[in-house]
Amino acid sequence: MKRHLIAVGIALIALAAWVGTASAAAGDPPPGADQLVGQLAGTLQGAPAAGTAGQTASDASLPTGYAYGGTILAPSPGSSAANQTATNTGTADASNTSTTAQTATPTQTGGSSSCTAGCGGAGQSQNIDQSAKTTQDADADALAKQNAVNANVPIAIAGGNVLGGSSAANQTATNTADSTADNTSNTTQTATPTQTGGSSSCYSGCGGNGQSQNVDQSAKTKQDADADAKAKQDLVNANVPVSIAGGNVNGGSSAANQTATNTGTADASNSSTTTQTATPTQTAGSTSCWFGCGGNGQSQNVDQSSKTKQDADADAKAKQNAVNANVPVNIAGGNVNGGSSAANQTLTNTGTADASNSSTTTQTATPTQTAGSTSCWFGCGGNGQSQNVDQSSKTKQDADADAKAKQNAVNANVPVNIAGGNILGGASTANQTLTNTATATAPNTSTTTQTATPTQTAGSTSCWFGCGGNGQSQNVHQSAKTKQDADADARAKQDAVNANVPLNISGGNVYGGSSTSNQTATNNATANAPNSSTTSQTATPTQTAGSFSCWYGCGGHGQSQNVRQKGKTKQDADADAWAKQYLLNSDVPFALSYGRDPRGKRGVMTY
């Protein structure tokens, strides 16, 4: 569907009359010259990206014996030192980048006019319309699923002894899901119209020169970024010698280390930069009028409008299940020697979601009007100047970041005997280090700068009788509206078990051995939902009235300035951080029904 939309957007852009960067210039037009510049740029971008990585790894030693009596040496399991290294990565990157530059530089220069009587003045008109629309959709999905089994499983059924051997097999597993959805747009609109009126020599009844400039700049940007990263990791590092119905089990020592890293990272970023610059310039030539002449008129209108809408949604889920176990099992007879356990388990589970919205809007209007000098004898109208600047900026930002990190870790030495025999659990110095982190960040940052610097300079006027004064009018309207919603949820759930649990059911003695195993668990949930908006409105209108020398019945100069600044900001920030942790570090030798524990008691349940 998005490919069809892209094709339609490209076709529409190709059919437009003005595309991309346009530049218009004119030389010296005749009186009554019009200039019209229209620029239209449309950009539609859709970038879906999906990355899927699925990995199933099995490194297993499975000697199996079916015999009766004696010790099973063939097949002999021996020691296990098989190392397993698994790396699984799913990466999705959906990026949209658009650059739109519109430049209009029309120039009008009026020639000199020598008029004796009853002549109309030269008129100049400039209109610039710049419109830029940008729509960007970026969707990135990364899924990484990893199942890793590193096992040493000697099995004897119906007789014989089982020698599990020592286990020093190391398992290193890295599972990463990285999803990035970025939208970046740069829109630059520059309008620099220039009008220069020539000098006019008029005797009587002549109309003044007229100049008009209109600049309309419109930029609309819509950005949607959605990034989903899911990393799921299931790990088993096991030494499991099993004997059913007879024989002894020697599990051997376990020093197998398990290192697991599971990371889910989702980044959804929207960044737009809009720059609108209008610098219209009007310069009126000098006028020499004797009787009944109209004054020169100048009009400037600048309209700048910028609308930005940004939605960023980032979801990161990291789920980790890790089992590092030494479990010799004997059912219905024989003794179990679990061996010593010094296996270390180091687990890192991280879920990071970042949904960022950043927009920068800069609007600069610098219209300049300069009236030439006027020498009038009788009944002449004064020069008129009018400037209007309208700047409007609307920004809407929604950022939603969800990070979930779930970690289940078991580091166990569990020799088991059911219905007979003795259990020697051995010493346990296995260390378990767990780090579970969920971080969600949903920042909204917008910067709006509006600068209006209109300048009006009236030329000097020398009037004898019945002349009207020069009039100046300036209106500046600045409006900035910003709405920001930020929602960040971080959830970290951690279940950790570090156990030495020799178990005997219905007979035999239990020796749990000594336990100095350490368990270090760190569970962090961090949610950050900042809203930061900066709005700067600067208006510096300047009116300078020229010198006025009047003899009789002359009207005075008129000056009017109106400045209106309006800024509205609405911000909602919601941050939730949940950290839930269950820890169990235990040495629990357990005998049910009958036997002798290290304290010498018999005929009771001990644990």
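Conventions and cut-offs
Residues numbered from 1 in each chain as written. Predicted model: local features only at pLDDT ≥ 70, side-chain atom pairs only at ≥ 80, totals over all residues. Heavy atoms only, no water. Helix = DSSP H or I, 4+ residues; strand = E, 2+ residues; numbered from the N terminus. Buried < 20%, exposed > 50% of the residue type's maximum accessible area, 1.4 Å probe, protein only. Contact = heavy atoms within 4.5 Å. Areas by Shrake-Rupley, 256 points an atom, 1.4 Å probe, with all protein chains shown as cover. Disulfide = S-S within 2.5 Å. Pairing = 2+ DSSP bridges. Axes fitted to C-alpha atoms, helices over the stretch in contact; angles between N-to-C directions. Polar contact = N/O pair within 3.5 Å; in protein donor to acceptor, adjacent residues only side chain to side chain. Phe/Tyr/Trp six-rings, centres within 6.5 Å; stacked < 30°, edge-to-face > 60°.

Time to look at the overall build of the protein. Each helix and strand in the protein was counted, giving one helix and 39 strands. Buried positions account for 44% of the 607 residues belonging to the protein. Expressed as a percentage of contacts within the protein between residues at least 6 apart in sequence, the contacts between residues at least 24 apart total 91%. Taken as a whole, the protein presents about 24300 Å² of accessible surface, with 53% of it coming from carbon and sulfur.

Below, the discussion takes up the state of the cysteines. Taken as a whole and judged by the stated rule, the model has five disulfides. Across a sulfur-sulfur distance of 1.7 Å, Cys202 and Cys206 are joined as a disulfide pair. The disulfide joining Cys202 to Cys206 has a torsion of about 105 degrees about its S-S bond and is therefore right-handed. Taking the relative accessible area as the measure of exposure, Cys206 reaches 5% and is therefore buried. The disulfide that involves Cys289 links it to Cys293, with 1.9 Å between the sulfurs. On the sign convention where negative means left-handed, the S-S torsion of about 100 degrees between Cys289 and Cys293 marks this disulfide as right-handed. On the basis of relative accessible area, Cys293 is assigned to the buried category, the value being 5%.

The strand order across the open sheet built from six strands is S4-S10-S16-S22-S29-S36, with neighbouring strands paired in parallel fashion. Two strands in the sheet have a free side with no partner beyond their single neighbour: strand S4 (107-109) and strand S36 (542-544). Pairs of neighbouring strands in the sheet enclose a mean axial angle of 0 degrees, with direction left out of account. Two strands pair when backbone bridges link them, and strand S16 (residues 281-283) and strand S22 (residues 368-370) are joined in this way by three bridges, in the parallel orientation. Bridge pairing in S22 places Gln282 opposite Gln369.

This paragraph deals with the sheet that holds strand S33 (residues 510-511). Pairing is parallel in the open sheet, where five strands are placed in the order S8-S14-S20-S26-S33. Looking along the sheet, the strands with just one partner apiece sit at the ends: strand S8 (162-163) and S33. The sheet contact formed by S8 and strand S14 (residues 249-250) spans two bridges and is parallel. Within the sheet, the bridge partner assigned to Val162 lies in S14 and is Val249.

Among the secondary structure elements, Asn96 is positioned in strand S3 (residues 84-104). Asn96 sits in the buried class, given a relative accessible area of 5%. Among the polar contacts made by the side chain of Asn96, one reaches the main-chain carbonyl oxygen of Asp137 at a distance of 2.8 Å.

On to the packing of aromatic side chains. A ring pair, where both rings are aromatic, is described by two values, the distance of the centres and the angle of the planes. Applying the stated criterion to the full structure yields 12 aromatic pairs. Look at Trp377 and Trp464: their rings are 5.0 Å apart centre to centre, the planes differ by 0 degrees, and that puts the pair in the stacked class. One end of the pair, Trp377, is in strand S23 (residues 374-378); the other, Trp464, is in strand S30 (residues 461-465), with 87 residues separating them in the sequence. Residue Trp464 is classed as partly exposed on the basis of its relative accessible area, which comes to 28%.

For the rest of this paragraph, the subject is the environment of Thr135. Turning to its location among the elements, Thr135 is positioned in strand S6 (residues 123-152). Judged by relative accessible area, Thr135 falls into the partly exposed class, the value being 28%. Placed 39 residues apart in sequence, Thr135 and Asn96 show a C-alpha to C-alpha distance of 9.7 Å. Aside from chain neighbours lying at most four places away, what touches Thr135 is Thr43, Leu44, Gln45 and Lys222.

Function-wise, these values are silent; they only describe arrangement.
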